[in-house]
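Each chain is listed here by its residues.
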Amino acid sequence: MLVSVESSGALERRMRVQVPASEIDSQIADRLQRVGRNAKLEGFRPGKVPAKVIRQRYGAQVRQEVISDVMQSSYSEALQQEKLIPASQPNIEPEADVENGDFAYTAVFEVFPEISLKDLDKIKVEVPEVTIEAADVDAMLENLREQKANWQPVSRAAAAGDQVIADFEGTLDGEPIESGKGTGVPIVLGGGQMLDDFDQAMHGLSTGESKTFDVNYPDDYPAADLAGKTAQFNATVTAVNERELPEIDDEFIKSFGVDDGDVNSLRAEVEKNMAAELATKTASDIKQQILDQLISLNEIDVPQALVQQESASMQQEAMQRLGVTDPERAPAIDNFSEGATRRVQVGLLMQEFVRSESLTLDSDRVEAKMRELFSGYEDPEALLENYRGDRQFLQQIEPMVLEDQALDALRERGSETTRKSGFREYMDAR
């Protein structure tokens, strides 16, 4: 078997494999012989069909089977011989005419990049230093009051913060928009529920008033058939409601699971939840900083086949979030290319760091992660007992834990500074 490899791109390889005709012929002969032992043809006893007849009847089919098997086996052998690790399925290009009757083909595929991590000590992490003040808890209590607000009808024009009940219908180039029709839809003005053009059009309308207006869809709008387009809407306001906030009384406090009805107990519970949210965001921000710098310090080419796979996966995730089932209404797959490239870069770099540092899974951290996931359930200990031996569940948890271990190790390799920030300022920051 003759093998030659050419680089046709940063990661693309063209591997030509030539198999001697004698090997092909030998395998065909062996297989035809086996076929002849069991062949049943009219006019011949089983196993007594002449070899010439067997070849005439089954030769073409057997040759195709042998060629297919030879390609599969020789491809694997050639990869091992050339020490290549493909990152994608090959595109096989058989050659029509080869000297001496040999069989030859070219396999085109991408390989994984060679990675040698460097400058990990240059990673700099800015750790937010945030204190939850009493005023922050007060503000959160106000948010809770807004969540429990009642809506009372008013006889005036709608303004920011009001709720309007609207019937509307949208058209694009005169044709109705499938997702652009609603009846009795409650809309809180300024709440980000609708596109800005629609929201602004509702301001100033009173009960019973109608309005026709344009809505400009952004270029990155999830529905590809609407992205970047301008649609026409007609809307009628059937009610305008004003927000009425509840008092922080015994009933209000107990509605949040604080059974003693004491406002101080509610404040403590609220602060506890705020601290948990703060810890989650802080961990996410630190992770983002580490990964951003890991990528910038170690630029690598990535296999486009992996980027395409990741883009398709992200597109499916977006469709599920948006409740889109029609593939024709799916967000354009090109919208995910940048994010998919980053995911692939991170995956390859982190995989190499784990390998180069010989990191192994910490079973105690797996247990801690499981406790964290089950902490909000009624009987976390029973769940832990059930899932400790669940291999399928553990296969989802263990990569998360190993990634956390790698992030901690990268953080230790770099340096840190702190930055003071107010709770709301930090939590609202992008």
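This text gives an overview of the structure that appears in the document. Keep in mind the model is a prediction, meaning the values are calculated, not measured.

Some thoughts on helix 8 (residues 337–356)
- Along its 20 residues, helix 8 runs 28 Å from first to last C-alpha, staying within 8% of the 28 Å computed at 1.5 Å per residue.
- Along helix 8, the residues that are buried comprise Ala340, Val344, Gln345, Val346, Leu348, Leu349, Met350, Glu352, Phe353 and Val354.
- Each element contacted by the buried residues of helix 8 is listed here: helix 6 (263–297), helix 7 (304–322) and helix 11 (391–413).
- One or two steps after helix 8, the chain reaches Ser358, where phi turns positive at roughly 55°.

Here we look at the pattern of salt bridges
- Within the structure shown, the criterion is met by 30 salt bridges.
- Between Lys254 and Asp250 there is a salt bridge whose closest N-O contact spans 3.4 Å. Here the residue Lys254 and the residue Asp250 both occupy positions in helix 5 (residues 250–254), the gap between them amounting to four residues, near one helical turn.
- You can call Asp250 partly exposed: its relative accessible area is 39%.
- Ionic pairing is found between Glu403 and Lys287, a salt bridge with its closest N-O pair at 2.9 Å. With a gap of 116 residues between them, Glu403 in helix 11 and Lys287 in helix 6 connect regions that are remote in the sequence.
- On the basis of relative accessibility, which here comes to 27%, the residue Glu403 falls in the partly exposed class.

Quick notes on the side chain of Ser421
- Examined against the element boundaries, Ser421 turns out to sit in strand 11 (residues 415–422).
- Leave out the neighbours within four places in its chain, and Ser421 touches Glu129, Val130, Thr131 and Tyr426.

Let's talk about the packing of helix 7 against helix 8
- Where helix 7 contacts helix 8, the two axes come as close as 8 Å, and the packing angle between them is 120°. As judged from the angle between their axes, helix 7 and helix 8 are oblique. The two elements helix 7 and helix 8 meet at a crossing, and its hand is right-handed. Residues Leu306, Val307, Glu310, Ser311, Met314 and Glu317 of helix 7 lie in contact with helix 8, whose contacting residues are Ser337, Gly339, Ala340, Thr341, Arg343 and Val344.
- Here the residues of the contact of helix 7 with helix 8 sort into five nonpolar, four polar and three charged.

Description of unusual backbone geometry
- Backbone geometry places Lys83, a non-glycine residue, at a positive phi of 55°.
- Within the fold, Lys83 resides in the loop between helix 2 (51–82) and strand 3 (91–94).

With respect to the nonpolar core
- Counting residues in each nonpolar core, the largest one holds 30 residues, and the members touching the most others are Ile123, Ile290, Leu294, Met350 and Leu410.
- Breaking this core down by element, the ones donating at least two residues are strand 5 (124–131), helix 6, helix 7, helix 8 and helix 11.
- Sorting elements by how many residues they give to this core places helix 8 first, with eight residues.
- In this structure, Met15, Val19, Ile28 and Ala107 belong to the second largest nonpolar core, which totals 26 residues.

Side note on the packing of aromatic side chains
- All chains considered together, the criterion is met by 13 aromatic pairs.
- For the ring pair Phe198 and Phe213, a centre distance of 5.3 Å and an interplane angle of 85° mean the geometry is edge-to-face. One end of the pair, Phe198, is in helix 4 (residues 196–202); the other, Phe213, is in strand 9 (residues 210–216), and 15 residues separate them in sequence.
- Residue classification places Phe198 among the buried positions, given a relative accessible area of 2%.
- For Phe213, a relative accessible area of 8% gives the class buried.
- With a centroid separation of 5.6 Å and an interplanar angle of 80°, the aromatic rings of Phe198 and Phe233 are classed as edge-to-face. Linking Phe198 in helix 4 with Phe233 in strand 10 (residues 230–244), this pair joins segments that are 35 residues apart in sequence.
- Look at Phe233 and you get buried, because its relative accessible area is 5%.

Parameters at a glance
Along each chain, the written sequence defines residue order, and numbers are assigned to residues from 1. In keeping with the predicted nature of the model, local features appear solely for residues at pLDDT of at least 70, side-chain atom pairs appear and are counted solely at 80 or more, and the whole-chain, interface and lining totals rest on all residues. To get the side-chain values, all heavy atoms of the structure are used, and hydrogens and water are removed first. By the criteria applied, helices consist of DSSP H or I runs no shorter than four residues and strands consist of E runs no shorter than two, each listed in order from the N terminus. Here a helix's expected span is defined as the number of its residues, less one, multiplied by 1.5 Å. Partly exposed residues are those whose accessible area sits between 20% and 50% of the maximum for their type, while under 20% is buried and over 50% is exposed, using a 1.4 Å probe and protein chains only. Here a residue-residue contact requires only that any non-hydrogen atoms of the pair lie within 4.5 Å. Every case where a carboxyl oxygen of Asp or Glu lies within 4 Å of a side-chain nitrogen of Lys or Arg is listed as a salt bridge. Lines are fitted to the C-alpha atoms to define the axes, a helix being fitted only along its stretch in contact, and any angle between axes, read from their N-to-C directions, falls within 0 to 180 degrees. An angle below 35 degrees is treated as roughly parallel, one above 145 as roughly antiparallel, one from 65 to 115 as roughly perpendicular, and anything else as oblique. Left-handed describes a crossing whose near helix is turned anticlockwise from the far helix through less than a right angle; right-handed describes the clockwise counterpart. Classes in brief: Ala, Val, Leu, Ile, Met, Phe, Trp, Tyr, Cys and Pro nonpolar; Asp, Glu, Lys and Arg charged; the others, Gly included, polar. Side-chain atoms within 4.5 Å link the members of a nonpolar core, which is a set of buried Ala, Val, Leu, Ile, Met, Phe, Trp, Tyr and Cys residues. Each Phe, Tyr or Trp ring (for Trp, its six-membered ring) is paired with any other whose centre lies within 6.5 Å, and the angle between the two planes then decides the class: stacked below 30 degrees, edge-to-face above 60, tilted in between.

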